[in-house]
Amino acid sequence: MNEFLLIFRRAFGSSEEQPSPEMMQQSIKQWQDWFGSIAAQDKLVRPLQRWDLEGRVVKKDKDVINGPYAEIKESIGGLILIRAKDYDEAVEIAQGCPILELGGNVEVRMAVTPAV
Amino acid sequence: MNESELIPHLFRTEYRKIVSVLCYLFGIEHMETAEDIVSDTFLSATESWSIKGIPENPVAWLYTVAKNKTRNYLRHHAVFEQKLVKQIAYNAEKVEEIQLDLSDQNIKDSQLAMIFTICNPAISTVSQISLALSLLCGFGVQEIADAFLSNKETVYKRIKRAKEKLKEDQIRIEQPQLSEISHRLETVLTTLYLLFSEGYYSVSNNITLREDLCAEAMRLNFLLLENPNTNTPAVNALFSLMCFHASRFEARTDPEGAAILYEDQDEHLWNKELIERGIYYLNKASTGNNLTKYHLEAAIAYWHTHKADTNEKWDNIRQLYNQLLILEYSPVVAMNRTYALAKVKGKAMAILEAEKLQLSGNHLYYSLLGDLYTGIDNPKALKSFEKAHQLASTDTDKQLILSNIKKLSERRMD
């Protein structure tokens, strides 16, 4: 088994890209089902961490901006660590991620363990 | 109540109180002395009451004798006196002035301090439960052995080792500090949860004993609720869970003592008062922002107090199982989640999820698969039930699986 990082990203740019409250409500259940499905297979590496929606971005001139949304088109919606045999399995799990239905994407990265 | 019933009854209710008060007074090093004094008190009661008859107020009699014996003990043990009197006699100049305080409040404080002493990660969980049953619940070694399907020697040794370990580590018997309560309470709740489960799911056939274990877990949990420092949302949630489960006691066994499955229970036998109490404490638990597994399990148990299979019920249960799994993985919860999923989204969807669980080696897993495949792919259902039968270890489990196989073959002939 390997560990994979799944990062969900979504555009927060304009208001027409914002989901309606009904969609949000529906989406909470989908997220719970998806997380539940991963957890039921004992493939969740660590408990879920919630992240706030505030955020700061430090730019290359060391300027700090409040909230990543103004300047970065896509922002991190969340990330989880899962266990999977290989990229194929990790990607299959990622394909069930509800962020895809909200127009987002999932980046999948395998953890590298140093050779013993 | 006559004498032959009264003494065992008082032993059950009073032994633990006096022992706790004495331990609280003496400290961990002198636990055995405390136990000796109380055993001696009960011996005196047996002797005296059989000759002179039962006193007007037996509890007061026991307390007076325990106080006198404690005073005598202190007077006759010089070493004890030198070492301890300084520590315990806050305002007593002489040993004679040490008062054994058997007031309601001090009994409660002492028991609470003892719960925190015994539920200590320094000793294994099974030792914690055994010690709790012995010192906090007044159970005899034989009863504890019966509860664990073990023998007297094993339990005796386990308790002895646990006491030695607590002494070695110089665990103090004291009121838990406010700052460390949330952290230490976790261990206490785990032990109470397991004590209750031991009674509720035990393979022991002794139903009275099993109900006693559950009642003791509830009593100790209630002690935590009575103290403002330990009356936390998680403690309320665990108590609520116990109330909901206990409400089904009468309905879950037939007159011969065999288990009745939830689906086949007569809900009129469910104890409404306990269900009401469960709801009350679940509401009280719903504050703060720490959602524990006890909250989730209590909420699931709440939905199970509705017998009818509604979509609302199973949709809620499914979400709660999701949250429970995210918090902490367990194969049983993973299977229960899949079962709830089948109720809401249908068997085909649940089969997809069930196949991912990969719990080969677990007979419950194959029973679940058998159940899900029934009516969808009956040959596969039969195969799964057969595998479950092969893996099951107890007769009860094997019989249950055989009855499912029988139901399946009747179905195929339809």
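The structure this text deals with has already been given above.
Chemist: I keep staring at the interface of chain A and chain B and nothing clicks. Help me out?
Modeler: Many authors give the size of an interface as the accessible area that is lost as the parts come together. With 13 residues of chain A at the interface, the matching set in chain B holds 14 residues. For the chain A and chain B pair, buried surface summed over both sides reaches about 1,200 Å², with 51% attributable to carbon and sulfur atoms. Three residues stand out in chain A for area buried against chain B, namely Gln32, Asp33 and Ala40 of chain A, and they jointly supply 40% of the buried area on that side. If you look at where chain A meets chain B, you find 2 salt bridges. For Asp315 of chain B, the salt bridge goes to Lys29 of chain A, with nearest N and O atoms at 2.4 Å.

Chemist: When you look at the sheet that holds strand 1 (residues 2-11) of chain A in this model, what are you seeing that I'm missing?
Modeler: Remark on secondary structure: sheet strands pair via backbone hydrogen bonds, oriented parallel or antiparallel. Residues and elements named next belong to chain A. Sheet architecture is open: 3 strands sit in the order 4-1-5, paired in antiparallel fashion. The two strands at the open ends of the sheet, each matched to only one other strand, are strand 4 (74-84) and strand 5 (105-110). Looking at each pair of strands side by side, their axes are set apart by 20° on average, direction ignored. Across 6 bridges, the pairing between strand 1 and strand 5 is antiparallel. When the bridges of strand 5 are listed, Ile7 appears paired with Glu107. In this fold helix 1 (residues 21-40) packs onto strand 1 and strand 4, with an angle of close to 25° to the strand it touches most, strand 4. Sheet strands in contact with helix 2 (residues 87-94) are strand 1, strand 4 and strand 5, and its direction is about 155° off that of strand 5.

Chemist: Quick question: what am I supposed to make of the environment of Ala215 of chain B here?
Modeler: Residues and elements named next belong to chain B. Relative to the helices and strands, Ala215 is located in helix 10 (residues 207-226). For Ala215, a relative accessible area of 41% puts it in the partly exposed group. Expressed as a C-alpha distance, the spacing of Ala215 and Leu341, which sit 126 residues apart in the sequence, is 33 Å.

Chemist: Looking at this structure, I do not really get the pattern of salt bridges. What am I missing?
Modeler: Oppositely charged side chains are able to pair whenever their charged atoms sit close together. Residues and elements named next belong to chain B. On inspection of all chains with the given rule, the structure shows 27 salt bridges over all chains. One salt bridge in this structure joins Glu143 and Arg12, with 2.8 Å as the shortest N-O distance. Of this pair, Glu143 sits in helix 7 (residues 141-147) while Arg12 sits in helix 1 (residues 3-26), placing them 131 residues apart in sequence. Judged by its relative accessible area of 27%, Glu143 is partly exposed. The partner of Lys167 in a salt bridge is Glu32, with the nearest N and O atoms 2.7 Å apart. Separated by 135 residues along the polypeptide, Lys167 in helix 8 (residues 152-168) and Glu32 in helix 2 (residues 31-52) bring together distant segments of the chain. Using a relative accessible area of 30% as the deciding quantity, one classes Glu32 as partly exposed.

So, how was this worked out
- Residues numbered from 1 in each chain as written.
- Chains lettered and ligands numbered in written order.
- Predicted model: local features only at pLDDT ≥ 70, side-chain atom pairs only at ≥ 80, totals over all residues.
- Heavy atoms only, no water.
- Contact = heavy atoms within 4.5 Å.
- Buried area = accessible area lost by both parts, 1.4 Å probe.
- Salt bridge = Lys/Arg side-chain N within 4 Å of Asp/Glu carboxyl O.
- Pairing = 2+ DSSP bridges.
- Helix = DSSP H or I, 4+ residues; strand = E, 2+ residues; numbered from the N terminus.
- Axes fitted to C-alpha atoms, helices over the stretch in contact; angles between N-to-C directions.
- Buried < 20%, exposed > 50% of the residue type's maximum accessible area, 1.4 Å probe, protein only.

All we've got here are geometric facts, nothing functional implied.
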